[in-house]
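A closer look at the structure
Letter by letter, the chains look like this.
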Amino acid sequence: MQVKNICCIGAGYVGGPTMAVIANKCPHIEVNVVDVNRERIEKWNSDNLNELPVFEPGLSNLVKKCRGVNLNFSYSVGEKISNADMIFISVNTPTKKKGIGAGKASDLKWVEACAREVATYSKGHTIVVEKSTLPVRTAEVIKSILSEATISDLKNNATKTFDVLSNPEFLAEGTAINDLINPDRVLIGGDNGIAIDSLSEIYKNWVPNHKIITTNLWSSELAKLTANAFLAQRISSINSVSAICEATGADIREVSKAIGLDSRIGPKFLNAGPGFGGSCFKKDILNLVYLSDFFGLKEVSSFWESVVSLNNWQQHRISKLIVKKLFGTLTNKKIVVLGFAFKANTNDTRESPAINICKELLEEGAFLVIHDPKVSIKQINIDLNLKPLEISNRLESNTQTLEGKWSKAFDLEKSFIDADAVLILTEWDNYKHLDWKKISKLMRKPSWLFDTRSMIDPEEFSNTKINFWRVGDGT
Ligand code: NAD
Ligand code: UGA
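Please read these numbers as outputs of a predicted model, since none were measured by experiment. (Residues numbered from 1 in each chain as written. Chains lettered and ligands numbered in written order. Predicted model: local features only at pLDDT ≥ 70, side-chain atom pairs only at ≥ 80, totals over all residues. Heavy atoms only, no water.)

Glancing now at the pattern of salt bridges. With the rule as written, the count across this model stands at 22 salt bridges. With a shortest N-O distance of 3.6 Å, Glu-351 and Lys-282 are connected by a salt bridge. One end of the pair, Glu-351, is in the loop between strand E9 (334-338) and helix H13 (353-363); the other, Lys-282, is in helix H11 (residues 281-294), and 69 residues separate them in sequence. Given the relative accessible area of 27%, Lys-282 is considered partly exposed. One salt bridge connects Lys-283 with Asp-284, and the closest N-O pair in it is separated by 2.8 Å. Classification of Lys-283 by relative accessible area gives buried; the value is 9%. With relative accessibility at 0%, the residue Asp-284 sits in the buried group. (Salt bridge = Lys/Arg side-chain N within 4 Å of Asp/Glu carboxyl O. Helix = DSSP H or I, 4+ residues; strand = E, 2+ residues; numbered from the N terminus. Buried < 20%, exposed > 50% of the residue type's maximum accessible area, 1.4 Å probe, protein only.)

If you want it as C-alpha cells, here you go:
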C-alpha cells in the first residue's frame, strides 16, 4: 500500500519536527499535522517563523519550505483523519496525577481519545502508528477500540479496517532535525508485513535500509522505554560519581574521559550536570517502575526507581551547596541564573533541573535574575509559580525587599552588577565566552560562580576575584 496522505495527531515537540522532515523528504505525500490546541496551531501557521511553538535548529527552514505545499497545520482533526491512509499518534503521555498508578503509570487518556477519533472519522483501510512513547501492550488497547469500529462499520456494509504499528521516536530536543534526518535506527514494531512495508517505504526515502529494523509490537514499545532508561541511568551513574570526585579530590571530567575510552562504555552521555531534565526520562523510567511492580518484579522496580531518586538528590545537593558556600543564608542575596531550559538549543523547560533548583534558592530567600536565550518570562512564571519583578538590579530596588523574588535578565551585562553569585544551569553557547574579568569587577565580594555544566575553563578564572565551583571537581 503506497501512502499518499498522512495525518499526525499532536503538533508538539515530536509531531511538528517529525512531520516537517517527512514532508521535506517525501514531496509526493501530503502531510497534515492536527492538534486540539488552537493557539499552538496558530503559532505553527504564523508568518513570523520566530513564533513557531517549538524552537529547534533547522526547523524553521523546513517549515518555510514545506508549509502550504505538502505540510499543513490544522485543528480540523476529524476532516484530516478521514482523508488519511496513515495516522501517527504523537500526543503527550505524561505520568498520571491521580487514581491507580498515580505518580508512576502513564496517563493514556489522550492516546485513547485519539483512537476513538480515528475510529469515528477514518475511512477505508488506515494504518495507525504509535509515535508517542507508550507502556508495553498499549497497541492492544488501540486495536480493541478500532476493532469495535470495524465491526459496527461492517453492519453498514462499509469497509473500515485498521493496522496498528509501533514506531517510537528517538530524537533528542536541540538536535531533533539532525536526529530525524540521520537516525541511528528506525524501529517499526508490528504483526502485519504489508503495513510494516508501507511505513518502511516512507523512511526509505532518506534512511538507509539497514537502519530500518522491525520487531514485534511489544518489543518495539519496550525498546523505547528501555533506551530512555539506559540513557538516564548513565547520567545518574556519572552524577553519583561526581559527588565522589568532590569528596576525594578526583575530577569527573578526567574520570569520564578515562572510562569513555573503553569501547564497551563509549564517550556519550557521561557529562555530569545538575541532573537530567526533559519531559521523558523521568516519566518513562517511572513507567518502567510501574510495569515492573505490576508484574511483581520488586527488585527490578527498585533498581530503576533509584535512577530517579539519584537525579532528585543531585538537584537538591546543588542548591544546598550554594546555600552553604554563601555563608548559610541567601536572604536578599542576588544570584544570576544562566539558563532555564532543560538543555541547550531548546525552549522546552519540562522537568528542567532549573525549576527545582531555583525554587529551593527562592525558598532560602535569594533574589534570582534569570537569563535564557529562548525561554519566555511567561514560561518561567508558570514553572516557578511566581510572578517576576520588573527590575533586575539591586540598586534600583531601595524601596522593596527582594527576598524570594525573581526577575528576567534583559541586559545580561547589567544583571551582574552587585550579584553575589552566578549559577550556570544550561549549556547555551553564549555563556562560553563571557568576560569574567569584567564581570568580577561588577559583582559584590566575595563572589561565586557555580558551574553545573563544566562550561568554564578554570584557567580563565585564575586572574579574577570570583570563587569557582564546578560539578565533580574535587581538585
Ligand atoms: P507535546 O506535549 O509537545 O505535544 C503533544 C500535543 O498533542 C499537544 O500539543 C496536545 O495539545 C496534542 N493533543 C493531545 N491530545 C490530542 C487529541 N486528542 N487530538 C489532537 N491533539 C491532541 O508532547 P511531545 O513532547 O511532542 O511528546 C509526544 C510523545 O512523544 C510523548 O509520548 C513523548 O514521550 C514522546 N517523545 C517525546 C520526545 C521529545 O523530545 N519531546 C522524544 C521522543 C518521544
Ligand atoms: C532524550 C533521548 O536522548 C532521546 O533519544 C529520546 O527520544 C527523548 O529523550 C524522549 O524520549 O523524549 P532529550 O530529553 O530531548 O532526549 O535530551 P537528552 O539529550 O537526552 O538530554 C536529557 C537530559 O539529560 C538533559 O537535561 C541533559 O542536559 C541531560 N544530560 C545529557 C546530562 O546531564 N549529561 C549528559 O551527558 C547528557
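Text resumes after the structure shown.
So, on to unusual backbone geometry. The omega torsion of the bond from Lys-445 to Pro-446 falls at -5°, within 30 degrees of zero and hence cis. A positive phi angle, near 60°, is found at Glu-351, a position not held by glycine.

What follows is about the site of ligand 2. Taken together, 19 residues are adjacent to ligand 2, and Phe-170, Leu-171, Glu-173, Cys-280 and Arg-453 come closest. Note that an oxygen atom of ligand 2 is positioned 2.7 Å from one of the backbone N or O atoms of Glu-173. Here an oxygen atom of ligand 2 and a side-chain polar atom of Asn-228 are 2.8 Å apart. When the free accessible area of ligand 2 is taken as 700 Å², the share hidden by the protein chains comes to 90%. Residue contributions to the shell around ligand 2 peak at 4 residues, all from helix H9 (residues 217-248). Of the residues belonging to the shell around ligand 2, the class tally is 11 nonpolar, 3 polar and 5 charged. Here the shell around ligand 2 spans two domains, since at least three of its residues come from each of domain 1 (5-215) and domain 2 (216-475). (Near = heavy atom within 4 Å. Polar contact = N/O pair within 3.5 Å; in protein donor to acceptor, adjacent residues only side chain to side chain. Areas by Shrake-Rupley, 256 points an atom, 1.4 Å probe, with all protein chains shown as cover. Nonpolar A, V, L, I, M, F, W, Y, C, P; charged D, E, K, R; others polar. Domains from an automatic or database assignment.)

Looking at the chain, the domain boundaries give domain 1 (5-215) and domain 2 (216-475). Between the C-alpha centres of domain 1 and domain 2 the distance comes to 32 Å. Here domain 1 meets domain 2 over a buried area of about 2,700 Å², counting both sides, of which 57% is carbon and sulfur. Between the two partners, domain 1 and domain 2, sit 2 salt bridges. One salt bridge connects Arg-350 with Glu-173, and the closest N-O pair in it is separated by 3.6 Å. At the junction of domain 1 with domain 2, the criterion picks out 13 residue pairs in polar contact (both at pLDDT 80 or more). Put simply, the parts of the chain that give the side of domain 1 that touches domain 2 at least two residues each are helix H6 (138-155), strand E6 (161-166) and strand E7 (186-189). It is H6 that provides the largest number of residues to the side of domain 1 that touches domain 2, a total of 4 residues. For the side of domain 1 that touches domain 2, a count of residues per class yields 19 nonpolar, 12 polar and 11 charged. (Buried area = accessible area lost by both parts, 1.4 Å probe.)

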